[in-house]
Every structure is written in C-alpha cells, then in structure tokens.
Amino acid sequence: MDAVAQEIHSKLAHFRAQDLSNTLWAFAMLKYQPTEIWWQDFERQVYGALTDLTDRQLANLLWAFAVLERRPVVADTLPAAASASASTSSSAVGCADGLSCSGAAAGAGAAASGGVGCSAVPQVELLAASERRSGWVLDPLLAHSCARGFSGYSAGSLHLLVWSLGKLHHPPPAAWLEGFLPAAESQFFRFSPTELSNIIWALAKLGVELPGPWLDKLLLVVQWRFPSFPARLLSIVAWSTATLNHRPQQEWLMCFEEQVRAKFLDFTGHELACVAWSLRRFGYSTRNNAVFYMLQKQHRFLAADFEILSNPKLLRQVLGWKGEGQSGSASECGSDDELSGGR
C-alpha cells in the first residue's frame, strides 16, 4: 500500500476533484494512514479543487478525514504573525450564507481564527502558515459547503458532514449551525434511522446549543419511526438527547419506554446503562417504573462495564440504591457508525 500511495503522490498535481475524493475515500475504507508529507501535498490539491467538488465528493472527503482522524490543530499553534493576519481578515469579511450544525464557518483564509464567513478569501501569508498545520483544509471545505446555503445537498451528504465533525470533535460556529438546521429539517423524512441517530449523536458530541422546537421536530420523526430503531439506536438517541440537556415531550417518553420494554433483551449492558442514565436526566424516578424494575433484574446491566460512566458510583444513583452517589454523567454512549461515505 505504501508503494501505491507513493505513486499517487507523484501524480497528485494531475488529480481532479473526483479523483481526490475517491482516493481518500479508498484510503479511509482500507484504514490506511499516509505520511505527513503526503497529507500536506494532498490538502493543497484539495484546496485548489474546492470549487469543483460536488456535495457528495465534499462530504466523502470530510468522512475520510474523520475516519483517518485528520484533525485540525488549535489556532494558537500558528505563528504570531499569521494569527494577527487571521484576525485582520476576520474583521473585514462577513458570513454571506448560513452554515450547518456541525461545521466551522471559518472562511478558507481564516482556518486559524475560525471567525471568517463563507465567502472569505485567504491572504497569502495566512494560507502559507495554515498549510503547515495538520488538517488545515478542513475549514475551507466547510466554508465551501455553506457557500450556497447547502442548496442541493442530499440527506446522505448532510448526514456525512455532521457525523464527520462529531467524530473529529470539531465544533461549528453559530452561523454555520444556523444554515445547517433548516437544511437538515427539510430532509428529516429522508434520513434513515441510523442517520437520524448519527445526526443527534454528532450534535451532542459537538456540544452545540440547539433550538428546542427543532430538536422536538427531529425527535417526533424518530418517534414515528421507533419500530425501525433497534436497541442500539434507541440508546444513542436517548443518550444524545440527555447530553443536549433536552427533555422530550411526554408522549415521546411514553413511546420510548414502550420500545425499551419491547426490545429489552436486545440491549447490551453498556446500552442499558446509557438508557438508565438518560431516563434519570429526563427526571424519571426509579420507583414504580417498569423500565427500572427490569433493569434491577437484568444481569447484563448490573455487570456492565461502568468505565463508560464518569462517576463510578453512578449505578447506585441510577437505581436509587442506598450508598454514596453524586450526580454523575455518562462519558459517552454514542454512535461510531462510519457508514461508508458513498462513492
């Protein structure tokens, strides 16, 4: 594989946008990690082909970045001169169009500062400094994705964008989020159960503040499609909603309980722990509740690997057992579904 990567590296200058997208998609599928020199030259080629990328090609690139864990470095590692240049260009350019809930609206030239809008053009000095950073091209990719307000983006592409940012732990600015939310809402009924779960998981991982009505609409679509949600996805949706500090409508909670009871034996101990933690965050009491009664009788839950919980005594708290306990929080019970980023 090293020989293949070297051959590709020697011909990168001739690669079109589709070639670049397909190449990194294949590397991600094979879990192959290129050298740093390869990455730097590849990112420069991607930057040069930004305007030629289709929505799917851009989404696939972002997905591959996430799978290969090519994260941007923090802005304060830039040289002082570049940081000053970034702040200058940041103040001069506004965001032309809204962006999506999981990407940085930083313009192509303000990858360092994260304050530039979609239509920004980088200064030469800043671009040169940015190219020395790992994953610097991610912000230009995100800026380009929002340039037309996500017009023409399919449900699958929107899903890959936000999942990738959640996987990369790359939170978006408010402007990008404002554009993504209506674009995603228009596709709610086109998302599969896995995509719906991945979207809310990514938003929870990114720690964004979502409008309550928007999240309730997404959860309502989830509720209508509950029969298609396996146990694992139910636990992801519950954990993500609780992590976002949102309490669903009462009807949603009743339907969710019914689904948990019906699919109880399909849950792993890990997933049951996430469900229990979420219900407690939603204000549930451990008394006179069928789900908690079933949890206390379920060996897989009692024997779960509670290293996933930030508080080792959370089991006592969740079940209301006597003993010390603080208000712990689940560290993560989320989706790592990479899917495969379509070709």
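In what follows, the structure referred to is the one given above.
Residues numbered from 1 in each chain as written. Predicted model: local features only at pLDDT ≥ 70, side-chain atom pairs only at ≥ 80, totals over all residues. Heavy atoms only, no water.

## Thoughts on the packing of helix 8 (residues 155-168) against helix 9 (residues 174-185)
Put simply, the rule is: Axis geometry follows a simple rule: fit a line to the C-alpha atoms, using only the stretch in contact for helices, then measure angles between N-to-C directions, giving values from 0 to 180 degrees. Where helices and strands are cited, they refer to DSSP runs of H or I of at least four residues and of E of at least two residues respectively, numbered from the N terminus. Should an angle lie under 35 degrees it is considered roughly parallel, over 145 roughly antiparallel, and from 65 to 115 roughly perpendicular; all remaining angles are considered oblique. By definition, turning the near helix anticlockwise from the far helix through less than a right angle yields a left-handed crossing, and turning it clockwise yields a right-handed one. Residue contacts are counted whenever heavy atoms from the two residues lie within 4.5 Å of one another. As a working rule, the residues Ala, Val, Leu, Ile, Met, Phe, Trp, Tyr, Cys and Pro are called nonpolar, Asp, Glu, Lys and Arg charged, and the rest polar, with Gly in that last group.
Contact geometry for helix 8 and helix 9: axes closest at 11 Å, N-to-C directions at 140°. One way to sum up the angle between helix 8 and helix 9 is to call them oblique. For the element pair helix 8 and helix 9, the recorded crossing hand is left-handed. Only W176, F180, A183 and A184 of helix 9 make contact with helix 8, whose side of the interface consists of L158, V162 and L165. Within the contact of helix 8 with helix 9, the residues separate by chemical class into 7 nonpolar, no polar and no charged.

## Some thoughts on the packing of helix 12 (residues 231-243) against helix 14 (residues 269-281)
The N-to-C vectors of helix 12 and helix 14 enclose an angle of 35°; their axes lie 8 Å apart at closest approach. Crossing of helix 12 against helix 14: the hand is left-handed. Facing helix 12, whose interface residues are A231, R232, S235, A238, W239, A242 and T243, helix 14 presents E271, C274, V275, W277, S278 and R281. For the contact of helix 12 with helix 14, the class distribution of residues is 7 nonpolar, 3 polar and 3 charged.

## Quick look at the packing of aromatic side chains
The description of an aromatic ring pair rests on the distance of the ring centres and on the angle between the ring planes. Selection rule: Only Phe, Tyr and Trp rings take part, Trp by its six-membered ring, and two of them pair if their centres are within 6.5 Å. Stacked means planes under 30 degrees apart, edge-to-face means over 60, and tilted covers everything else. Exposure categories follow from relative accessible area, calculated using a 1.4 Å probe and restricted to protein chains: below 20% of the type maximum is buried, above 50% is exposed, and the middle band is partly exposed.
All told, the structure shown has 16 aromatic pairs when counted by the stated rule. Plain terms: the ring middles of W38 and F42 are 4.9 Å apart, the flat faces sit at 15° to each other, and that makes the pair stacked. Of this pair, W38 and F42 are both found in helix 3 (residues 36-48), 4 residues apart, which corresponds to roughly one turn of the helix. Given a relative accessible area of 3%, W38 falls into the buried group. Where F150 meets W176, the ring centres are 5.3 Å apart and the plane angle is 85°; that geometry is what we call edge-to-face. Taken together, the residues span a long stretch of sequence, with F150 in the loop between helix 7 (138-145) and helix 8 and W176 in helix 9 at a distance of 26 residues. Taken together through their ring pairs, the aromatic side chains of F27, Y32, W38, W39, F42 and F65 make up a single cluster.

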